[in-house]
Amino acid sequence: MFIYQETAPVAALRPWLDCVWTCRVHARGQPLVHQVLPDNCIDILCQDQQDASFAVGMMSKPINVVSRGLVQTVAARFRPGAAARFFQLPLCELNDGRTDLQQLWGRALAARLGDALWTDPLSDVQRMHILQDFLLLRLRNTPQPAASGLAAHAVALIEHTHGGVRVDQLAAQLKVSRQHLALQFRQQVGISPKLFARISRFRAVNSALKQLPAHADWVQVALQYGYYDQSHLIHDFQDFARASPEAWLAQRKV
């Protein structure tokens, strides 16, 4: 059994959060494996198993999440490039891994969050409100990162073009060097602007897959979404989905 639900955040958190979500997994017998693709987002997850609360950093490759028994999760997904306000460290340190919230927020605050979420029987809605209350507390007590505006503008431009803008063009538009842009991006977003743009473009193609015919013209698809040629499209699918576009399309249509 795998039940996933997401909802919009409260108004005060909408500039930073894409959604809050819950997941209930009940793996009877064999463990349940769920693949998660890179999405240019950072999540905070709180689970009832061993009272685990942790952040999952920016991903450069897909991961398989293995669940055993009954696992309940309440989580928040930050908008691309919006998580820096909640963590006092360069976000590149979180990449491709999970970091305990105790390490990021301190033992006392993480313990208070765990107690509030799991000590008493609560509904998913109640737990989502509790998590957002703690995020609002963190927001009030954490200063705005220096130079965050540059990274935010860069993210917005990349997202607007679905990864179609070149990094040198982006740097020129923002009137900074490529090196400075890359440094700020790694600190405030987590990954390089080039990788962020690749994932943004991959997400755009992936979101349109179910509308494609079973025997899609992948050359045309590649050109439509800003790839230089079909081989670059295939390369990104291998990197971010561990499958060819044809195989991934077949899975999505099942």
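Just so it is clear, the model here is predicted, and its values are computed rather than measured. (Residues numbered from 1 in each chain as written. Predicted model: local features only at pLDDT ≥ 70, side-chain atom pairs only at ≥ 80, totals over all residues. Heavy atoms only, no water.)

A. Structural context of the overall build of the chain. A count of helices and strands for the chain gives ten helices and six strands. Against the globule reference of 18 Å for 254 residues, the chain gives a C-alpha radius of gyration of 19 Å, in line with a compact fold. With the C-alpha coordinates aligned to their principal axes, the bounding extent of the chain is approximately 55 × 50 × 30 Å. Each of the 254 residues in the chain was classed as buried or not, and the buried ones make up 47%. Approximately 13,100 Å² of the chain is accessible, and the part contributed by carbon and sulfur atoms is 52%. When the 26 basic and 20 acidic side-chain charges of the chain are each reduced to a single mean position, those positions are 2 Å apart. (Helix = DSSP H or I, 4+ residues; strand = E, 2+ residues; numbered from the N terminus. Rg over C-alpha atoms; globule rule 2.2 N^0.38 Å. Buried < 20%, exposed > 50% of the residue type's maximum accessible area, 1.4 Å probe, protein only. Areas by Shrake-Rupley, 256 points an atom, 1.4 Å probe, with all protein chains shown as cover. Lys, Arg positive; Asp, Glu negative; His and termini not counted. Charge placed at Lys NZ, Arg CZ, Asp CG, Glu CD.)

B. Region of the structure containing unusual backbone geometry. Positive phi is not limited to glycine here, since H162 has a value of about 50°. The residue H162 is located in the loop between helix 4 (148-160) and helix 5 (167-174) in this model.

C. Layout of the nonpolar core. One finds I44, F78, F87, W105, L113 and L135 to be the most contacted residues of the largest nonpolar core, which totals 69 residues. Examining the composition of this core, we find that seven residues originate from one element, helix 3 (residues 124-141), more than from any other. Apart from the residues lying within four places of it in its own chain, the contact partners of F87 are I42, I44, A55, F78, L104, W105 and R138. (Core = buried A, V, L, I, M, F, W, Y, C linked by side-chain atoms within 4.5 Å. Contact = heavy atoms within 4.5 Å.)

D. Quick look at the state of the cysteines. What the rule picks out here adds up to zero disulfides. Note on C19: no disulfide assigned, nearest cysteine sulfur contributed by C41 at a separation of 8.0 Å. (Disulfide = S-S within 2.5 Å.)

E. Molecular detail of the pairing of strand 2 (residues 17-36). Taken together, the six bridges between strand 1 (residues 2-7) and strand 2 define a ladder with antiparallel strand orientation. From the neighbouring strand, T7 faces strand 2, where its bridge partner is V20. (Pairing = 2+ DSSP bridges.)

F. Structural view of the confidence of the model for the chain. For the chain, per-residue confidence averages 91 on the pLDDT scale, and residues scoring 70 or more make up 96% of the total. Here helix 10 (residues 245-252) stands out as the element of the chain with the lowest mean pLDDT, 83, in contrast to strand 3 (residues 43-47), whose mean of 96 is the highest. (pLDDT = per-residue confidence, 0-100.)

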